[in-house]
Amino acid sequence: MTASLPDLRASAILLDIEGTTTPLSFVYEVLFPYARANAKRFLERHLSSPEVLEDVVRLHNEHAEDVRNELNPPSLQDSASRAHVESLVAYIHWLIDRDRKTAPLKSLQGKIWEDGYETGELRGQIFKDVPPALERWQCQGREVSIFSSGSVLAQKLLFAHTTAGNLTKFIGRYFDTAVGPKTAPLSYRRIAVDVRRLPPQVLFVSDVTGELDAAASAGMRTLLSVRPGNHPQLESSIHTVIRTFDEVFP
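Just so we're clear, the structure is a prediction, and the values are computed from it rather than from any experiment.

Peer 1: Help me understand the environment of Ala-103 in this model?
Peer 2: Along the chain, Ala-103 turns up in helix α4 (residues 103–119). Its relative accessible area of 42% is what places Ala-103 among the partly exposed residues. Through-space distance from the C-alpha of Ala-103 to that of Arg-58 is 8.4 Å; in sequence the pair is 45 residues apart.

What follows is the structure in structure tokens.
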């Protein structure tokens, strides 16, 4: 369904990242390969950090669950073993290959990407209509938040180091799956409470209809983002299609 949007009166906008503000290719062809290629170097340098050790402990817990579920993950060595880092890297690669979205992997990936952004090896890619839209919505008094399966750290890093500059001044809140799955209506109800809005006052924009269905079930307004390179979605009469943010509150 493609239509103009004069009927939407949302005072808060909630944005997905992949396929909405950012090309899928940046995530799958740049970020994920970077985390994969640099996991060993990062762990060798930072394994003694309390924050990284916390991620590693949670990865061991996740690995134990994978073993119990007979998923045949690569074996993990004891933390006192010299082979511990090598085995962690093999497991991290295994998780990335399966596009696993669990908290410890996302947290560790965010820390690896932080190194990349700080050194200038990484720069966040966004669609060209995103910066003017963020500025326009701020001028209109609409609060913008982000909801992504990537960690809050990864979200902030991307928008702080984009090819168009630091865009974090336009973003009020960041949410990851700590608030709940992106396909669960309860997640969107929690976000509405956190941004101090009733659900119908929040507009959620995503490229995935399953996420939009959950947000709509929670009472939010929704838009389906159709961008070059996005995965095809079944169009629904309840989700208006947009192809650029220029269409949203122009």
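Peer 1: Is there a simple way to explain the sheet that holds strand β1 (residues 12–15) in this structure?
Peer 2: Two orientations exist for strands paired in a sheet by backbone hydrogen bonds: parallel and antiparallel. Taken in spatial order, the six strands line up as β3-β2-β1-β4-β5-β6 in an open sheet, and their pairing is parallel. For this open sheet the edge positions go to β3 (173–175) and β6 (240–242), each flanked by a neighbour on one side alone. Between one strand and the next, the sheet's axes are offset by a mean angle of 25 degrees, whatever the strand orientation. One ladder, built from three bridges, connects strand β5 (residues 221–225) with β6; its direction is parallel. Bridge pairing in β6 links Leu-224 to Val-241.

Peer 1: Which parts of the structure should I look at to understand the pattern of salt bridges?
Peer 2: When their charged atoms lie close together, side chains carrying opposite charge are able to pair. Under the defined criterion, the tally for this structure stands at 13 salt bridges. Here Asp-55 ties to Arg-58 by a salt bridge, and the two come within 3.0 Å at their closest N and O atoms. Of the two residues, Asp-55 and Arg-58 both sit in helix α2 (residues 50–68), three residues apart, roughly one turn of that helix. By relative accessible area, which is 30% here, Arg-58 ends up partly exposed. Asp-129 is the salt-bridge partner of Arg-227, the closest N and O atoms lying 2.8 Å from each other. On the criterion of sequence distance, the pair formed by Arg-227 in the loop between β5 and β6 and Asp-129 in the loop between α4 and α5 (130–139) is long-range, its members being 98 residues apart.

So, how was this worked out
- Residue positions are given per chain, counting from 1 as you read along its sequence in written order.
- The predicted origin of the model limits local features to residues at a pLDDT of at least 70 and limits the giving and counting of side-chain atom pairs to 80 or more, whereas totals for whole chains, interfaces and linings rest on all residues.
- Side-chain metrics in this entry use all non-hydrogen atoms of the structure; hydrogen atoms and water are not considered.
- Helix numbering and strand numbering both begin at the N terminus, where a helix is a DSSP run of H or I of at least 4 residues and a strand a DSSP run of E of at least 2.
- Whether a residue is buried, partly exposed or exposed follows from its accessible area with a 1.4 Å probe, protein chains only, as a fraction of its type maximum: under 20%, in between, or over 50%, in that order.
- Any two strands with at least two DSSP-identified bridges between them are counted as paired.
- Fitted lines through C-alpha atoms give the axes, limited to the stretch in contact for helices. The angle between two N-to-C directions lies from 0 to 180 degrees.
- Any carboxyl oxygen of Asp or Glu that lies within 4 Å of a side-chain nitrogen of Lys or Arg is treated as forming a salt bridge with it.

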